Amino acid sequence: MQGIIFNIKKYAIHDGPGIRTTVFFKGCPLKCPWCHNPEGISFAPQKMKKMIRGDGEKKNTLREEIIGRSISPADLLTEIEKDRIFYEESGGGVTFSGGEPLAQPDFLKQALRLCRQRDIHTATDSSGYAPADILSGIADESDLFLFDLKIMDDEKHRSLTGVSNRGILANLKLLSEKRKNVMIRIPLIPGYTDDEENLAEMRGFLSSLPGIREIALLPFHNTAEGKYRKLGKQNAVKDIPGADPESMEKIREKFVSCDFHVRIGG
Ligand code: SF4
């Protein structure tokens, strides 16, 4: 069995507890205009230009590299295990992210099982867009589920991401009823997800779910422009300003007043 990934990030500190290795799965069924990993949306390997810095008098040059490679669960585990010492010392582990990891469920399940056999803490970071049985099975194999919640209005969700949010919300309800260990992650994208109507609806929905208490508000940082350029893709959010700390704090306080534990950042 092989999966397709596009990056393995070491020493990640925003993708769950402690120091983590984050594995980025290639391919996502959503198309969020603010995606900061545009190279993770296509399921197929693709070309991306890369700047090679010249030494001394040599000029910088642009080279094309292929983004996306196949890997077996066992080989992935060999990579993950290299940083075991950091996981043990920091209470960290591995996070499977993307792209959408649930879009490669068999590969993901096998990787999660191998981690569990080796006592490595796992987190799955997902948009929640998957058949309920797949999501439920993966949640059973994960120590922590990072559930990204974006837009509550279904029509707006469809028009911005290309898919309905009905299954996503039903999946979150399912995880909460199963009392799974879930952390909600809300990307605050100015003009897209941060309006009070959307956030008030989120607070109402999340308050109705049993066992959901942990929320991370993810501030928008306009850092993906270079990747869009190198992929030859249009960046729809390139002119949006970065996160404003004062507005973030106000949003945080409103979630705290609904009895959630809220942090800013992943
Ligand atoms: S769900 Fe995540 S990975 Fe997929 S397009 Fe949206 S932001 Fe990008």
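First, a word on scope: everything that follows refers to the structure included in this document. (Residues numbered from 1 in each chain as written. Predicted model: local features only at pLDDT ≥ 70, side-chain atom pairs only at ≥ 80, totals over all residues. Heavy atoms only, no water.)

Our focus in this paragraph is the overall build of the chain. If you tally the helices and strands in the chain, you get nine helices and eleven strands. Relative to the globule expectation of 18 Å for 266 residues, the C-alpha radius of gyration of the chain, 19 Å, shows essentially globular dimensions. With respect to the three principal axes, the spread of C-alpha positions in the chain is 60 × 45 × 35 Å. The proportion of buried residues among the 266 residues of the chain is 48%. A separation of at least 24 residues holds for 66% of the contacts in the chain among residues at least 6 apart in sequence. (Helix = DSSP H or I, 4+ residues; strand = E, 2+ residues; numbered from the N terminus. Rg over C-alpha atoms; globule rule 2.2 N^0.38 Å. Buried < 20%, exposed > 50% of the residue type's maximum accessible area, 1.4 Å probe, protein only. Contact = heavy atoms within 4.5 Å.)

Take the packing of helix α3 (residues 105–117) against helix α4 (residues 132–141) next. The contact between α3 and α4 brings their axes to 9 Å, and the two run at 15 degrees. When the axes of α3 and α4 are compared, the pair comes out roughly parallel. Considering only the axes of α3 and α4, their crossing is left-handed. Between α3 and α4, the residues in contact are P105, L108, K109, L112, R113 and R116 and I134, G137, I138, D140 and E141, respectively. Class assignment for the residues of the contact of α3 with α4 results in five nonpolar, one polar and five charged. (Axes fitted to C-alpha atoms, helices over the stretch in contact; angles between N-to-C directions. Parallel < 35°, antiparallel > 145°, perpendicular 65-115°, else oblique. Left-handed = near helix turned anticlockwise from the far one by under 90°. Nonpolar A, V, L, I, M, F, W, Y, C, P; charged D, E, K, R; others polar.)

Here we come to the packing of aromatic side chains. Tallied over the full model, the rule gives seven aromatic pairs. Here F25 and F107 contribute two aromatic rings whose centre-to-centre distance is 5.3 Å and whose plane-to-plane angle is 45 degrees, an arrangement assigned as tilted. Placement of F25 in strand β2 (residues 20–25) and of F107 in helix α3 is noted, with a sequence separation of 82 residues between them. For the pair F25 and F107, one class covers both residues: buried. Ring pairing ties together the aromatic residues F25, F96 and F107, which thus form one cluster. (Phe/Tyr/Trp six-rings, centres within 6.5 Å; stacked < 30°, edge-to-face > 60°.)

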